[in-house]
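What follows is each chain in one-letter form.
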Amino acid sequence: MSPALLAVLVFLVMEPITTLIHRAVMHGGGWGWHRSHHQPATGRFEANDLYPVVFAGLTIAVLCVGVFGGVSVLVPVGIGVTAYGAAYTLLHDVAIHRRLPIPMPRRLLEPWRRAHAVHHRFNDAPYGFLAPVVPRRLRDRDARRPVVVDPVARPMGQARDR
């Protein structure tokens, strides 16, 4: 398999892996950090921000082993994970939660915004992010709730309000 194809495959496989990590770790034993993401923000940073720092550190370690340790197959793996992390950050932190003042096409991002709003509203699925699939039981439950304008957005560059 070519390195480019492996990087793309790893990027795609990261969505189910991230879904499992989000459900089992962040909404499980790692809730102590992740809870901050489901509560009103008190500042620019939250304990949940430690997760991407840890994941980036692990990915850098994988890349280092690939580059300096002679396990070259790990380089495209690290590239795929890094690309997924960048896409996740762009969608989640920039487009959905508006943590950076970068304008994003709101209409185009509406499926992700709605799916993430359901996740925050019910502290339940969807746990993945790049594939915004909301289970029918939550879509039906959400449809019975009053419409909330931009339930997860905030003024650009400001602390979140949830």
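About the cut-offs
Residues numbered from 1 in each chain as written. Predicted model: local features only at pLDDT ≥ 70, side-chain atom pairs only at ≥ 80, totals over all residues. Heavy atoms only, no water. Helix = DSSP H or I, 4+ residues; strand = E, 2+ residues; numbered from the N terminus. Expected span 1.5 Å × (residues − 1). Buried < 20%, exposed > 50% of the residue type's maximum accessible area, 1.4 Å probe, protein only. Arc of directions from axis to C-beta. Contact = heavy atoms within 4.5 Å. pLDDT = per-residue confidence, 0-100. Polar contact = N/O pair within 3.5 Å; in protein donor to acceptor, adjacent residues only side chain to side chain. 1 Å grid on protein atoms, 1.4 Å probe; cavity = no way out; pocket = protein on both sides within 12 Å on 5 of 7 lines; lining within 4 Å. Points joined across faces, edges and corners; volume = space filled by probe spheres on them. Nonpolar A, V, L, I, M, F, W, Y, C, P; charged D, E, K, R; others polar. Salt bridge = Lys/Arg side-chain N within 4 Å of Asp/Glu carboxyl O.

Observations regarding helix H3 (residues 50–68)
Inference 1: With 19 residues, H3 extends 26 Å between its outermost C-alpha atoms, agreeing within 8% with the 27 Å of an ideal straight helix rising 1.5 Å per residue.
Inference 2: Every buried residue of H3 is listed here: Tyr51, Thr59 and Gly66. Summarising the axial view, the buried residues of H3 lie within an arc of 55°, below the 170-degree limit, and thus occupy one face. Turned more than 90 degrees off the buried face of H3, the exposed positions are Val53, Ile60, Val67 and Phe68.
Inference 3: Check the buried side of H3 and you find it contacts helix H1 (3–29), helix H2 (31–34) and helix H4 (74–96).

As for the confidence of the model for the chain
Fine structural detail should not be taken from predicted coordinates in areas where pLDDT scores are low.
Inference 1: Here the chain shows a mean pLDDT of 86. Residues at 70 or above account for 90%.
Inference 2: Of the regions scoring below 50 in pLDDT, residues 153–162 engages in 41 contacts with residues more than four places distant in sequence or in other chains.

Structural notes on the side chain of Asp124
Inference 1: Checked against the element boundaries, Asp124 lands in the loop between helix H5 (110–122) and helix H6 (136–143).
Inference 2: According to the relative accessible area criterion, Asp124 is buried, its value standing at 18%.
Inference 3: Side chain to side chain, Asp124 and Arg137 meet in a polar contact 3.0 Å long.
Inference 4: Setting aside residues up to four positions removed in sequence, Asp124 forms contacts with His119, Arg137 and Leu138.

Observations concerning the layout of surface pockets
Inference 1: Approximately 810 Å³ is the volume found for the largest pocket.
Inference 2: Taken together, 37 residues line the largest pocket, and the ones lying closest to its centre are Tyr51, Pro52, Phe55, Gly85 and Tyr88.
Inference 3: Mapped by element, the contributors of at least two residues to the lining of the largest pocket are H1, H3, H4 and H5.
Inference 4: Taken together, the residues that form the lining of the largest pocket break down as 20 nonpolar, 14 polar and three charged.

Concerning the pattern of salt bridges
Inference 1: Taken as a whole and assessed by the stated rule, the structure comprises five salt bridges.
Inference 2: We note a salt bridge from Asp93 to Arg99, for which the minimum N-O separation is 3.8 Å. For the pair formed by Asp93 and Arg99, the shared burial category is buried.
Inference 3: Taking the shortest distance from any N to any O, the salt bridge between Asp142 and Arg114 comes out at 3.6 Å. Here Arg114 lies in helix H5 and Asp142 lies in helix H6, a separation of 28 residues in the sequence.
Inference 4: Relative accessible area serves as the criterion here: at 48%, Arg114 is assigned to the partly exposed category.

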